[in-house]
Amino acid sequence: RSGKMAKLTHFIDNDVFRAFATYTTIVLLKMMLMSLITAYFRITRKAFVNPEDTASFGKGESAKKYLRTDPDVERVRRGHLNDLENIVPFLVIGLLYALSGPELSTALLHFRIFAGARIIHTFAYLIPLPQPSRGLSWAVGYAVTISMAYKVLKTALYL
Amino acid sequence: RSGKMAKLTHFIDNDVFRAFATYTTIVLLKMMLMSLITAYFRITRKAFVNPEDTASFGKGESAKKYLRTDPDVERVRRGHLNDLENIVPFLVIGLLYALSGPELSTALLHFRIFAGARIIHTFAYLIPLPQPSRGLSWAVGYAVTISMAYKVLKTALYL
Amino acid sequence: RSGKMAKLTHFIDNDVFRAFATYTTIVLLKMMLMSLITAYFRITRKAFVNPEDTASFGKGESAKKYLRTDPDVERVRRGHLNDLENIVPFLVIGLLYALSGPELSTALLHFRIFAGARIIHTFAYLIPLPQPSRGLSWAVGYAVTISMAYKVLKTALYL
């Protein structure tokens with residue numbers, strides 16, 4: 001058993017894989033933060049979507065008025081969905097890329113730029129910053145993922 | 001070739017990895033079930049969103065009235081999106097965690113609690129159970145993912 | 001170090017894993033294309049959701065009229081969300097399946113059918129083709145994922 005365990009933990013001895021694990025975890029924790037920000041705005045703006053969530057405000061009409069959309073809540077939710085749409089491809093293409101044997105410095109460049117771009121994207125969406133801040137930060141993350149996908153296909157292509 | 005195949009299948013010989021594969025598959029099958037429940041409510045409630053989906057109900061106004069939202073359909077869809085937002089981080093952080101060499105008993109504890117919490121979350125959302133059932137089951141899954149992320153960063157941190 | 005690197009790149013020497021990497025990347029690039037199609041329709045239909053995105057159309061009422069939903073934009077967004085709901089399970093169950101030691105020919109069959117089904121699903125959604133085109137292509141991708149999940153649980157089950 002311990003020999004097999006050692007084999008799996010070879011991943012964690014590899015610098016490219018450690019860098020992937022680190023930046024992936026950072027990006028996912030950032031994405032998970034969106035849930036807390038949504039909850040924060042739902043509670044402070046009193047804007048809920050499920051009737052059972054307003055039960056503590058009383059019964060009938062007094063509670064029903066809190067079943068409404070709020071622009072700040074919807075903004076955070078759009079940012080969260082945009083994270084899902086862009087971070088999911090990064091996670092899987094990034095894992096395949098890490099396994100395709102890139103140079104450590106090149107891999108770090110990809111992971112750092114992606115993580116930085118998505119953090120800037122979140123600030124650009126939530127503050128919000130004037131365009132093209134959000135558009136550009138989105139495009140940078142998108143381009144990094146395309147670049148890694150190109151390396152994966154060049155290394156692994158098997159149709 | 002067979003030597004290389006053997007190397008890859010070492011994963012499946014590792015108990016932590018087998019546990020990860022099992023609970024991950026269970027959680028994903030549960031998430032996929034949401035698609036079937038959405039389809040069930042769309043058909044029984046006659047509540048569709050695409051005009052081409054109502055063509056079998058006839059043409060013109062007779063079909064158009066089925067292009068509408070239904071509270072039960074929307075509730076399942078919110079549960080499905082909540083799954084995506086919470087299960088995606090678990091999948092990737094859980095994989096990195098499984099590769100970081102945790103104790104089998106600790107890993108099983110994380111995977112079992114997460115899977116249980118998400119199954120309870122689904123019942124709490126769909127029945128629906130009074131709050132804080134849904135909120136608590138969400139928080140438990142969230143906390144398990146944070147705990148695994150902490151172990152990954154402690155083991156692998158490479159900025 | 002180079003010994004460890006070599007170990008990780010063994011993945012890329014394995015035909016099943018190369019096939020998984022190839023079809024996964026294709027499916028994810030297809031999903032990422034949905035973002036560009038959404039942006040294309042938002043710009044050509046002049047239908048935006050964030051006030052800061054319409055700033056270039058002037059101030060006040062003249063810009064506000066572009067904050068609206070458009071059926072074509074909403075259709076692409078539904079296709080994108082359907083991708084997320086179905087491709088995420090494929091990615092993770094497919095990875096576990098590739099590590100469970102399937103026959104190369106069986107694995108290729110699964111990956112090719114899934115990728116083909118999701119590409120047809122996108123055309124069926126966006127053109128749109130009459131039903132049951134979209135329903136069937138969705139069901140085929142769903143069934144492929146269930147088939148791989150069955151193999152994973154049969155090989156790895158560890159509760």
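Residues numbered from 1 in each chain as written. Chains lettered and ligands numbered in written order. Predicted model: local features only at pLDDT ≥ 70, side-chain atom pairs only at ≥ 80, totals over all residues. Heavy atoms only, no water.

Side note on the pattern of salt bridges
Part 1: Taken as a whole and judged by the stated rule, the model has 24 salt bridges over all chains.
Part 2: The salt bridge partner of C:Glu52 is A:Arg75, with a shortest N-O separation of 2.8 Å. You can see C:Glu52 sitting in the loop between helix H2 (15–44) and helix H3 (61–64) and its partner A:Arg75 sitting in helix H4 (residues 71–99), one on each of two chains.
Part 3: C:Glu52 gets classed as buried once you look at its relative accessible area, which sits at 12%.
Part 4: Between B:Arg18 and B:Asp15 there is a salt bridge, with the nearest N and O atoms lying 3.9 Å from each other. Here B:Arg18 pairs with B:Asp15, and both are found in helix H2 (residues 15–44), just three residues apart, close to one helical turn.
Part 5: Assessed through its relative accessible area of 22%, B:Arg18 is described here as partly exposed. (Salt bridge = Lys/Arg side-chain N within 4 Å of Asp/Glu carboxyl O. Helix = DSSP H or I, 4+ residues; strand = E, 2+ residues; numbered from the N terminus. Buried < 20%, exposed > 50% of the residue type's maximum accessible area, 1.4 Å probe, protein only.)

A few points about the layout of surface pockets
Left-over empty space is what a probe sized like a water molecule reveals as it rolls over the atoms.
Part 1: By volume, the largest pocket is sized at about 1100 Å³.
Part 2: Lining the largest pocket we find 30 residues, and of these A:Arg77, B:Glu74, B:Arg77, C:Glu74 and C:Arg77 sit closest to its centre.
Part 3: Sorting the residues of the lining of the largest pocket by element identifies H4 of chain A, helix H4 (71–98) of chain B together with helix H4 (71–98) of chain C as the ones contributing at least two each.
Part 4: Here the lining of the largest pocket is built from residues that sort into 10 nonpolar, three polar and 17 charged. (1 Å grid on protein atoms, 1.4 Å probe; cavity = no way out; pocket = protein on both sides within 12 Å on 5 of 7 lines; lining within 4 Å. Points joined across faces, edges and corners; volume = space filled by probe spheres on them. Nonpolar A, V, L, I, M, F, W, Y, C, P; charged D, E, K, R; others polar.)

Considerations on the UniProt feature "transmembrane region" (unreviewed entry) in chain A
Part 1: Here the UniProt-annotated "transmembrane region" (unreviewed entry) positions come out as residues 20–41 and 84–101 of chain A.
Part 2: The straight-line gap between the two end C-alpha atoms of residues 84–101 of chain A is 26 Å; of that span, 89% is helix and 0% is strand. (UniProt positions renumbered as here; feature names shortened; annotations may be inferred.)

As for a nonpolar patch on the surface
Residues and elements named next belong to chain B.
Part 1: Together, Ile-119, Phe-123, Ile-127 and Leu-129 give the surface a local cluster of nonpolar side chains, amounting to about 360 Å² of exposed area.
Part 2: Assignment of secondary structure puts Ile-127 in the loop between helix H5 (104–126) and helix H6 (133–156).
Part 3: Owing to a relative accessible area of 54%, Ile-127 belongs among the exposed residues under this scheme. (Patch = residues over 30% accessible without salt bridge, like charges linked within 9 Å, V, L, I, M, F, W, Y side chains within 5 Å. Areas by Shrake-Rupley, 256 points an atom, 1.4 Å probe, with all protein chains shown as cover.)

Topic: helix H6 (residues 133–156) of chain A
Part 1: Between its terminal C-alpha atoms H6(A) stretches 35 Å, which fits the 34 Å expected from 24 residues at 1.5 Å a residue.
Part 2: Regarding H6(A), the residues found buried are A:Arg134, A:Ser137, A:Trp138, A:Gly141, A:Tyr142, A:Val144, A:Thr145, A:Met148, A:Ala149, A:Val152 and A:Ala156. (Expected span 1.5 Å × (residues − 1).)

Focus: the relation of the copies chain A and chain B
Part 1: The two copies are related by a screw motion: chain A maps onto chain B through a turn of 120 degrees and a shift of 0.0 Å along the axis, at an RMSD of 0.0 Å. Seen this way, the second copy is the image of the first under a three-fold rotation axis.
Part 2: Of all interface residues in chain A, a mere 17% are interface residues in chain B too; the two copies therefore contact each other through different surfaces. (Least-squares fit on C-alpha atoms with pLDDT ≥ 70 in both. Contact = heavy atoms within 4.5 Å.)

Some points on the interface of chain A and chain B
Part 1: Each partner contributes to the interface: chain A provides 41 residues, whereas chain B provides 39 residues.
Part 2: A combined buried area of about 3500 Å² lies between chain A and chain B, and 69% of that area is made up of carbon and sulfur atoms.
Part 3: Taken together, chain A and chain B are joined by three salt bridges.
Part 4: Among the salt bridges present, the one from B:Arg134 reaches A:Glu52, with a minimum N-O distance of 3.4 Å.
Part 5: Between the two partners, chain A and chain B, sit 13 residue pairs in polar contact (both at pLDDT 80 or more).
Part 6: If you list the elements that add at least two residues to the side of chain A that touches chain B, you get helix H1 (2–13), helix H2 (15–44), H4 and helix H5 (104–126) of chain A. (Buried area = accessible area lost by both parts, 1.4 Å probe. Polar contact = N/O pair within 3.5 Å; in protein donor to acceptor, adjacent residues only side chain to side chain.)

So, the interface of chain C and chain A
Part 1: Taken together, the contact between chain C and chain A spans 41 residues of the former and 39 residues of the latter.
Part 2: Of the roughly 3500 Å² buried between chain C and chain A on both sides combined, carbon and sulfur atoms contribute 70%.
Part 3: At the junction of chain C and chain A, the tally comes to three salt bridges.
Part 4: At the boundary of chain C with chain A, the tally comes to 13 residue pairs in polar contact (both at pLDDT 80 or more).
Part 5: Put simply, the parts of the chain that give the side of chain C that touches chain A at least two residues each are helix H1 (2–13), H2, H4 and helix H5 (104–126) of chain C.
Part 6: For the side of chain C that touches chain A, the element with the highest residue contribution is H2(C), accounting for 18 residues.

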